[in-house]
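Chain residues, written in single-letter form:
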Amino acid sequence: MPLDIVILGPPGAGKGTQGKLIAADAGIPHVNTGDMFRAECAAGTELGERVRSILDVGDLVPDELTIEVVRARLGQDDTARGFVLDGFPRTLAQAEALDRVLAEIDRGELSVVLDFQVADEIAVQRLLGRAGVEGRSDDTPDRIQYRLEVYHEQSEPLVEYYRARGILVGIHADRTVEQVFSEVQQVLAAAQQSGS
Ligand code: AMP
């Protein structure tokens, strides 16, 4: 059974950090739509030029564009044993599209959806802390606030979407990197057992 993982959670929840660790540990690709869009911007591609101003303000890239990027990525051979999808889906339309993409690549249900739970105040502190280190244009105080609003309005409803399907597991994401990873590993071990 492939290990198909989705990570949900607000900006600053640690999805990227944990996504990388999970992917390295399981030997599956880390598919991070934010990273993919930033790479397109840095490379100055046509897609990058289309999305640059959207990323700068912290709005969501239109669903059609985002879905196509993910469809192309998940269709690559290296996802055969699974993937860690981080930052996608972020809208209900994207979640529904993901179901169609999974069917296209002959997959059944996702193995697990991890809901990284962290209070807004902690997310803000973390994002402000990394602002100087990573130099992201959307890590300014007002953009951080705005991105959290976008998360609560557009992406948080996905928690219920996946909970209703019985594949959602909450993660206490306000702890240290090591503590969170250890909780995630336990959840993944259980998910793999029930799926095999
Ligand atoms: P992130 O690195 O996940 O915080 O994403 C950075 C930015 O990329 C977001 O603020 C959006 O502008 C864009 N982005 C990333 N993933 C998506 C998505 N699934 N849907 C729409 N926009 C996205």
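Structure first, text after, so check above.
Numbers given for residues are sequential positions, taken from 1 along each chain in its written order. Owing to the predicted nature of the model, reporting of local features is limited to residues with pLDDT of at least 70; listing and counting of side-chain atom pairs is limited to 80 or more, with chain, interface and lining totals taken over all residues. Only hydrogens and water are set aside; all other atoms, that is, all heavy atoms of the structure, feed into the side-chain values.

For this particular structure, what's the right way to read the pairing of strand β4 (residues 112-117)?
By the criterion of burial, β4 is predominantly enclosed, with 5 of the 6 residues buried. Where strand β1 (residues 3-8) meets β4, 4 bridges bridge the pair, whose relative direction is parallel. Considered in β4, the bridge of Ile7 is made with Leu114. Relative to strand β5 (residues 168-172), β4 is paired through 5 bridges, and the arrangement is parallel. Within β5, the residue paired with Asp115 across the bridge is Gly170. A simple rule labels every residue: compare its accessible area, found with a 1.4 Å probe on the protein chains alone, to the largest value its type can have, and call it buried under 20%, exposed over 50%, or partly exposed in between. A run of H or I in DSSP becomes a helix once it reaches four residues, and a run of E becomes a strand once it reaches two; helices and strands are each numbered from the N terminus. Here, any two strands with at least 2 DSSP bridges between them count as paired.

I'm lost on the packing of helix α6 (residues 120-134) against helix α7 (residues 141-155) in this one. Help?
Two quantities define a packed helix pair, namely the angle between the helix axes and the distance between the axes. Between the N-to-C directions of two axes lies an angle of 0 to 180 degrees, each axis being a line fitted to C-alpha atoms and, for a helix, fitted only over the stretch in contact. Running from N to C, α6 and α7 point in directions that differ by 140°, and their axes come no closer than 10 Å. Overall, the two elements α6 and α7 adopt an arrangement that is oblique. The two elements α6 and α7 cross, and the hand of that crossing is right-handed. Across the interface between the two elements, Asp120, Ala123, Val124, Leu127, Leu128 and Arg130 of α6 pack against Pro141, Ile144, Gln145, Arg147, Leu148 and His152 of α7. In the scheme used here, Gly and all other residues not listed as nonpolar or charged are polar, with Ala, Val, Leu, Ile, Met, Phe, Trp, Tyr, Cys and Pro taken as nonpolar and Asp, Glu, Lys and Arg as charged. For the contact of α6 with α7, the residue count by class is 7 nonpolar, 2 polar and 3 charged. The scheme is simple: roughly parallel for angles under 35 degrees, roughly antiparallel for over 145, roughly perpendicular for 65 to 115, oblique for anything else. The crossing is said to be left-handed when, going from far helix to near helix, the turn is anticlockwise and less than a right angle, and right-handed when the turn is clockwise. In what follows, a contact means two residues having at least one pair of non-hydrogen atoms within 4.5 Å.

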